[in-house]
Amino acid sequence: MTYDRQKAWREVEAFLPEAYQFNADYKPAEEFWRWKGNNVHLDTFRNPDAKAKVICFHGVGTNGRQISMIIGGPLAKKGFETIMADMPFYGMTEVNSNMRLTYDDWVQCGSSLVDRELKKDGRPIFLYGLSAGGMEAYHIAAKNGKVRGIIGMTFLDQREGRVRVTTASNAFWGITGALLAKLSCTVGLGGFKIKMSIPSKMKRLVNDRACLKIMMADRTSAGNKVTMGFLHSYVTYAPDIEPEDFSVCPILLTQPEKDGWTLQFLSDIFLDKIKKVPVTKTVLRNGSHYPIEDEALSDLQNNICNFLEAQLGADRK
């Protein structure tokens, strides 16, 4: 199945400024990549003349097409090649039913995608991540070691109690959710699926109520289910390189100003431990967690373009 046959993203698209909406002459191509028996869906804006590629990752409440609309397409218009991945369980990716997928697999999948793109032509690769995708981008960079920069909407270390409690849907899930996921795996219920909107504060995904309703009903994004095994691995994942030792590449935080799910202090807990590479923090004016607001989208595009050009300019010196 492709996004041509899915209506939810088109309904979300209607809430975006006109410049961010697709048409017959401006839309991503759709590709499928076979990875460990999973048929991974990619939205792509290919450009062999682009000086760099940006690989984009969604979090636990969005999908690749929703990323294509707010930043994949706009960066392509600026001359960058962009690739938006639907991670297993999400979007149009077809999951290998014989594989017990965990968050570790997400990280390995992302690292393998980086290697795949580098093998094609060796152009510089940057990573972008929305929501949990920001931390995923860090985890991928720490495992892979060959990316030139990381941009994240948030950097949430779920091993931190403050992060789990603040981002959970309520106190029960914030305090006991990690233990419940672990116990489920211990008693053989790791394959049991749960809606991500149950343990997480998904109701704060976007500030427009009508748009939120559409996304919450979308089983390829905010209305999706994951296994307890995935959830356990997600909240306990340890990166290949801890922040104190991270020296792979510079990092940019793009924090939405009116994000009701993940306030900036949650990312600061992690980012302030990074001392060996530059960390830049910016704010997206009036932005929701999933930003659909004109000012926020403009800031997102400008901040990312400035970051990319700065890193590429440093390479030329």
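Calculation criteria
Residues numbered from 1 in each chain as written. Predicted model: local features only at pLDDT ≥ 70, side-chain atom pairs only at ≥ 80, totals over all residues. Heavy atoms only, no water. Helix = DSSP H or I, 4+ residues; strand = E, 2+ residues; numbered from the N terminus. Rg over C-alpha atoms; globule rule 2.2 N^0.38 Å. Buried < 20%, exposed > 50% of the residue type's maximum accessible area, 1.4 Å probe, protein only. Contact = heavy atoms within 4.5 Å. Patch = residues over 30% accessible without salt bridge, like charges linked within 9 Å, V, L, I, M, F, W, Y side chains within 5 Å. Areas by Shrake-Rupley, 256 points an atom, 1.4 Å probe, with all protein chains shown as cover. Salt bridge = Lys/Arg side-chain N within 4 Å of Asp/Glu carboxyl O. Lys, Arg positive; Asp, Glu negative; His and termini not counted. Charge placed at Lys NZ, Arg CZ, Asp CG, Glu CD. Axes fitted to C-alpha atoms, helices over the stretch in contact; angles between N-to-C directions. Parallel < 35°, antiparallel > 145°, perpendicular 65-115°, else oblique. Left-handed = near helix turned anticlockwise from the far one by under 90°. Nonpolar A, V, L, I, M, F, W, Y, C, P; charged D, E, K, R; others polar. Phe/Tyr/Trp six-rings, centres within 6.5 Å; stacked < 30°, edge-to-face > 60°. Core = buried A, V, L, I, M, F, W, Y, C linked by side-chain atoms within 4.5 Å.

Engineer: I would appreciate a short explanation of the overall build of the protein chain in the present structure.
Structural biologist: Each helix and strand counted, the protein chain has 10 helices and 10 strands in total. The C-alpha atoms of the protein chain give 18 Å as radius of gyration, which agrees with the globular expectation for 317 residues (20 Å, within 12%). In terms of its C-alpha atoms, the protein chain occupies a principal-axis envelope of roughly 55 × 45 × 40 Å. Counting only residues that meet the buried cut, the protein chain has 60% of its 317 residues in that class. Contacts in the protein chain between residues at least 24 apart in sequence constitute 76% of all its contacts with a sequence separation of at least 6.

Engineer: Explanation requested: a positive patch on the surface in the structure shown.
Structural biologist: On the surface, Lys 193, Lys 195, Arg 219 and Lys 225 cluster together into a positively charged patch. Along the chain, the position of Lys 225 falls in strand β8 (residues 225–227).

Engineer: Sorry if this is basic, but what is going on with the packing of helix α6 (residues 171–186) against helix α8 (residues 228–236) here?
Structural biologist: When two helices pack together, their arrangement is given by the angle between the helix axes and by the axis-to-axis distance. Orientation of α6 relative to α8, taken along the N-to-C sense of each, is 130°, at an axis distance of 8 Å. The angle between α6 and α8 places the two elements in the oblique class. Judged by the twist between their axes, the crossing of α6 over α8 is left-handed. Between α6 and α8, the residues in contact are Ala 178, Leu 180, Ala 181, Lys 182, Ser 184 and Cys 185 and Met 228, Gly 229, Leu 231, His 232 and Val 235, respectively. Looking at side-chain class alone, the contact of α6 with α8 contains 7 nonpolar, 3 polar and 1 charged residues.

Engineer: What is the right way to read the packing of aromatic side chains from this model?
Structural biologist: When we look at a pair of aromatic rings, we describe it by the centre distance and by the angle of the planes. Inspection of the entire model under this criterion finds 15 aromatic pairs. Pairing Phe 230 with Tyr 234 gives two aromatic rings, centres 6.4 Å apart and planes at 5°, and the pair type is stacked. Within this pair, Phe 230 and its partner Tyr 234 are both found in helix α8, separated by 4 residues, close to a single helical turn. Each member of the pair, Phe 230 as well as Tyr 234, carries the same accessibility label: buried.

Engineer: Please clarify how the nonpolar core should be interpreted in this entry.
Structural biologist: For soluble globular proteins, nonpolar side chains are generally found buried alongside one another. Counting 98 residues, the largest nonpolar core has Leu 127, Tyr 128 and Tyr 138 as the members making the most contacts within it. When residues of this core are assigned to their parent elements, the largest contribution, 8 residues, is made by helix α10 (residues 294–316). Sequence-distant contacts of Tyr 128, defined by excluding residues within four places in its chain, comprise Val 54, Ile 55, Cys 56, Phe 57, Ile 67, Ile 70, Ile 71, Ile 151, Met 153, Leu 300 and Ile 304.

Engineer: What should I look at first to understand α8 in this one?
Structural biologist: In an α-helix, one full turn covers 3.6 residues, which means residues spaced three or four apart are oriented alike. Counting buried positions over the 9 residues of α8 gives 7, a clear majority of the element. All buried positions along α8 are accounted for by Met 228, Gly 229, Phe 230, Leu 231, Ser 233, Tyr 234 and Val 235. Those residues of α8 that are buried lie in contact with α3 (103–121), α4 (132–144), α5 (161–167), α6, β7 (193–195) and β8.

Engineer: Could you clarify how one ought to interpret the pattern of salt bridges in this entry?
Structural biologist: Two side chains bearing opposite charge may form a pair once their charged atoms approach each other closely. The full count for this structure, using the stated rule, is 21 salt bridges. Of the charged contacts, one joins Arg 46 and Glu 117 as a salt bridge, the two residues approaching to 2.9 Å between their closest N and O atoms. Taken together, the residues span a long stretch of sequence, with Arg 46 in the loop between β2 (38–45) and β3 (53–57) and Glu 117 in helix α3 at a distance of 71 residues. Judged by its relative accessible area of 0%, Glu 117 falls in the buried class. Taken together, the shared-partner salt bridges connect Glu 31, Arg 46, Lys 53, Glu 81, Arg 116, Glu 117, Lys 120, Asp 121 and Arg 123 into one network.

Engineer: Quick question: what am I supposed to make of the environment of Ala 178 here?
Structural biologist: Tracing the backbone through its elements, the reader meets Ala 178 in helix α6. Note: C-alpha distance between Ala 178 and Ile 194 (16 residues apart in sequence) is 13 Å. Ignoring any residue separated from it by four or fewer positions in sequence, one finds Ala 178 in contact with Arg 164, His 232 and Val 235.

Engineer: I'm lost on the side chain of Arg 65 in this one. Help?
Structural biologist: Structurally, Arg 65 is set in helix α2 (residues 64–77). Residues in contact with Arg 65, not counting those within four places in the same chain, are Tyr 3, Trp 9, Phe 22, Pro 28, Glu 30, Asp 43 and Asp 86.

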